[in-house]
Every structure is written in C-alpha cells, then in structure tokens.
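Per-entry structural report
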Amino acid sequence: MQVLIGIIYHTIGGGFSGSFYMPFNKVKGWAWESFWIVGGLFSWLIVPPLAAYLTIPDFAAIIASADMNVKMLTFVFGLLWGIGGLTYGLGVRYLGMSLGNSVVLGFSSAFGALVPSIYYNLNPVKGKVSFTDMLGSSGGQLVLLGVLVCLIGIAISGKAGMMKEAELSEAEKKASVKEFSLVKGLIIAVISGILSAFFNYGIEAGKPLADQAVLQGCNPLFQNNVTYVVVLWGGLTTNFLWCMYLNAKNKTFGNYTDTRTPILANVLFSATAGTMWFLQFFFYGMGESKLGNGASSWITHMATIILTANIWGLYLKEWSGVSAATFRTFVTGIVVILIAIVLVGIGNSL
C-alpha cells in the first residue's frame, strides 16, 4: 500500500510538471526571460515558503538552526539545478514539448536515479541504499530493470523526434514548434538533463532539515517542504541573474510595464505556470516520504512527466504531418515508458 500511495503522488506531481509550460503559451507580447522570471518568483520564492508554513510548524527556525554546511550544499545543488531549469525552458522552446521533454528528462532520469546509489557505494551511509544493495536483491534488480526500460523508451521517443526532423519541411517544423532547431535544441537539452538531476541531490543533501521537521512533530508526508525552500533559493539565484541579464541585453525590462500587452493576464498565466511547477515537487515530496529518495522515486516521477508532456504534444499537434511509421515509433516510446513505471512499482513492493 505504501508503494501504491507513493506512485500515485509521483504520478500527480508528474502531471503538474508535464503541464506547467502550457500557461506560458498564453502569455502575449513578453520576451521569454520576462515571463520565465515572473513564473519563477512564484515557483521558487513565493509558493514554497507558503507550502512550508501551512505544513511544517516553525520551518524558518528549522532552517536557521541547521548546520551551515548542510544548508550550503543544499543551496549549491539548487544553483546547479537552476541552470538545468533554465536550459530546460530553452530545450522545449527549440524541440517542442514531446521531444524536448523526452531528451531532457531522459538524462535527468538516469543521473538522478542512479548517481546517488553509486555515491553510497563509494561512501557507505547507514540506512542508504547503494548500487550494490540494489543488485543484490530481486526488488532492486527489478527497479534497475525498470530504469533501463525507461531509458529505452526515452531513446525510442528521441528516435521518433529524429524521424520527424527528417520527414517534415522547414515550414512544417515551424508550424508545430515555432523556433524548431534540432542541433541547438539537443545540445541544450542534454546539458539541461544532466544538471536537472541535481534537484534530487539537493533533496538528499537537505535530508537533515526534513528529519528535524519530523522530530518536531511535522507530518512525515510533508517533511520535504522545508528542504525545498533552501534548494529553490539556489534555483532562484541562477534564474534571476540570467533573466535580468537577458532583460538588460534584449532591452526587455519594459515588458513588465508595457500597457500595450495584457500585463495582468500575463502575470496571472505566469503565476499559474510557476505554481503548477512547484506542485510537482510538493507531491513528489509526499511520494518520496513513502518510497524513499531512491532510484524508483526519481524515475517514476520523471517518466510520468514525459508521458504528460507527450500527451500535451499530441494536443498541440506537434506530430501532425508525420508518417504512420514515425507516429508508431512515438507511441511505442510512450508504451515502453509506461511498462517501466509498472516494473519500478513492482520492484519497490518487493
């Protein structure tokens, strides 16, 4: 039952993440950097402390009294994740929802799911599952098989994107994804996928904060909300500096006060996107409290995001005009990812 509840929470969170970019499509007349940072202020500065305030008594005191090394490492991982978040937006911008998410989250899945267990192999910590531990148990082996199957599914999705690239004319590509650029998008997406995994490392580094919250009587289901505050300070720092640089470079500071654009609507859509983005990790934290912050938690969450993003890609007609073979390849990738989620769930239950 614990496993089922954990997977349900991960699935809900993944659905929010796979959908969060959609409200940004409603923003009119603003440059990317302007709507991105407005949404980010809600994602990383406004909503996380509100969630912590509602679920963790004295969360600010927990952060203030925590070991500085713990806070610094959690913050640094958030900084690195922030670069991944920045480049994620660009990856989707150049590749589209379906292919962009498949590549970015594929790399994030692998690095986020496996690197922590390999680290604990090199630096054993009591209570932490190492890669050797996973290899030595039937449940762990099934989880690793699920990770492998998920990566295969992501590779198939990527192959579908390559087939789409080869089949469509430039005009058709631009019709489905306005700024489509395969080479530029793939380079950015690979970088983003690797760095995005650092969010998982930030959760791991900030575990003493979550543990202290539980010791002080917090419902364990919400323990990660205090850790998120610190991780997301790092993400905010990276994104804020970059967006301010782009505002200055592109002379787009005027977006925020340009009455020729629907300012209130743009802020509301950006705020909605930012809030939806945070909700993915609000629910991820609930699922992690049931499954633990291991390979199964991360891969289940990432796989669900990919599935949701691909469904949105279908809705946005990103795959219109492709051949039957290309579309079958795309659907096969989705089915393989679904199989991976089932394998990981069964492995966890064992």
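Residues numbered from 1 in each chain as written. Predicted model: local features only at pLDDT ≥ 70, side-chain atom pairs only at ≥ 80, totals over all residues. Heavy atoms only, no water.

Looking at an unreviewed UniProt entry, one finds the protein named L-rhamnose/proton symporter RhaT, with Spirosoma arboris as its source organism.

Once that is clear, we can look at the pattern of salt bridges. Enumeration over the complete set of coordinates arrives at one salt bridge. One salt bridge in this structure joins aspartate 258 and arginine 260, with 3.0 Å as the shortest N-O distance. Of the residues examined, aspartate 258 reaches a relative accessible area of 16% and is grouped as buried. (Salt bridge = Lys/Arg side-chain N within 4 Å of Asp/Glu carboxyl O. Buried < 20%, exposed > 50% of the residue type's maximum accessible area, 1.4 Å probe, protein only.)

Quick look at the environment of tryptophan 312 now. With respect to the secondary-structure elements, tryptophan 312 resides in helix H14 (residues 295-315). Given the relative accessible area of 25%, tryptophan 312 is considered partly exposed. Note: C-alpha distance between tryptophan 312 and methionine 22 (290 residues apart in sequence) is 8.4 Å. (Helix = DSSP H or I, 4+ residues; strand = E, 2+ residues; numbered from the N terminus.)

Turning our attention to unusual backbone geometry. The backbone of aspartate 58 sits at a positive phi, close to 60 degrees, despite the residue not being glycine. Along the chain, aspartate 58 turns up in the loop between helix H2 (32-55) and helix H3 (59-65).

Two numbers describe a pair of aromatic rings. These are the distance of the centres and the angle of the planes. According to the stated counting rule, one finds 22 aromatic pairs in the structure shown. Arranged with centres 6.5 Å apart and planes meeting at 50 degrees, the rings of phenylalanine 278 and phenylalanine 282 form a pair that is tilted. Highlighted residues: phenylalanine 278 and phenylalanine 282, both in helix H13 (residues 263-291), separated by four residues, approximately one helical turn. Comparing phenylalanine 278 with phenylalanine 282, the two get one shared label, buried. With a centroid separation of 5.8 Å and 50 degrees between ring planes, the pair formed by phenylalanine 327 and phenylalanine 330 is classed as tilted. Pair noted here: phenylalanine 327 and phenylalanine 330 are both in helix H15 (residues 324-349), with a separation of three residues, about one helical turn. Members of the aromatic cluster, connected to one another through ring pairs, are Trp44, Trp81, Phe199, Phe222, Tyr228, Trp277, Phe278, Phe281, Phe282 and Phe283. (Phe/Tyr/Trp six-rings, centres within 6.5 Å; stacked < 30°, edge-to-face > 60°.)

Another point: helix H12 (residues 224-249). Between its first and last C-alpha atoms H12 spans 37 Å; for 26 residues at 1.5 Å apiece the expected length is 38 Å, and the two agree. With its phi angle positive at about 55 degrees, lysine 251 sits one or two positions after the end of H12. (Expected span 1.5 Å × (residues − 1).)

Here we come to the packing of H2 against H12. Where H2 meets H12, the axes come as close as 9 Å, and the angle between the chain directions of the two elements is 165 degrees. It follows that H2 is roughly antiparallel to H12 by the angle criterion. Along this stretch, H2 crosses H12, giving a crossing that reads as left-handed. The class makeup of the residues in the contact of H2 with H12 is 18 nonpolar, seven polar and one charged. (Axes fitted to C-alpha atoms, helices over the stretch in contact; angles between N-to-C directions. Parallel < 35°, antiparallel > 145°, perpendicular 65-115°, else oblique. Left-handed = near helix turned anticlockwise from the far one by under 90°. Nonpolar A, V, L, I, M, F, W, Y, C, P; charged D, E, K, R; others polar.)

Tracing the chain through its elements places threonine 261 in the loop between H12 and H13. In this structure the side chain of threonine 261 is engaged in a polar contact, spanning 3.3 Å, whose partner is the side chain of tryptophan 30. Of note is the side chain of threonine 261, whose polar atom sits 2.7 Å from the backbone oxygen of aspartate 258. Discounting chain neighbours no more than four positions away, the residues touching threonine 261 are Lys28, Gly29, Trp30, Asn255 and Asn266. (Polar contact = N/O pair within 3.5 Å; in protein donor to acceptor, adjacent residues only side chain to side chain. Contact = heavy atoms within 4.5 Å.)

This part is about the environment of aspartate 133. Within the secondary structure, aspartate 133 is located in helix H6 (residues 131-135). The exposure class of aspartate 133 is partly exposed, given its relative accessible area of 41%.

The subject of this paragraph is the nonpolar core. Nonpolar side chains in soluble globular proteins tend to end up buried together. Grouped together as the largest cluster of nonpolar side chains are 63 residues, with contacts concentrated most on Trp36, Trp44, Phe199, Tyr228, Leu232, Trp277 and Phe278. Membership of the second largest hydrophobic core comes to 12 residues, among which are Ala52, Ile62, Ile63 and Val229. (Core = buried A, V, L, I, M, F, W, Y, C linked by side-chain atoms within 4.5 Å.)

Attention shifts here to the packing of H2 against helix H4 (residues 68-95). H4 packs onto H2 with a crossing angle of 135 degrees between their chain directions and a minimal axis gap of 12 Å. When the axis of H2 is compared with that of H4, the two are oblique. Relative to H4, the crossing made by H2 is right-handed. Seen from H2, the contacting residues are Trp32, Trp36 and Trp44; seen from H4, they are Trp81, Gly85, Leu86, Tyr88, Gly89 and Arg93. Considering only residue class, the contact of H2 with H4 consists of six nonpolar, two polar and one charged.

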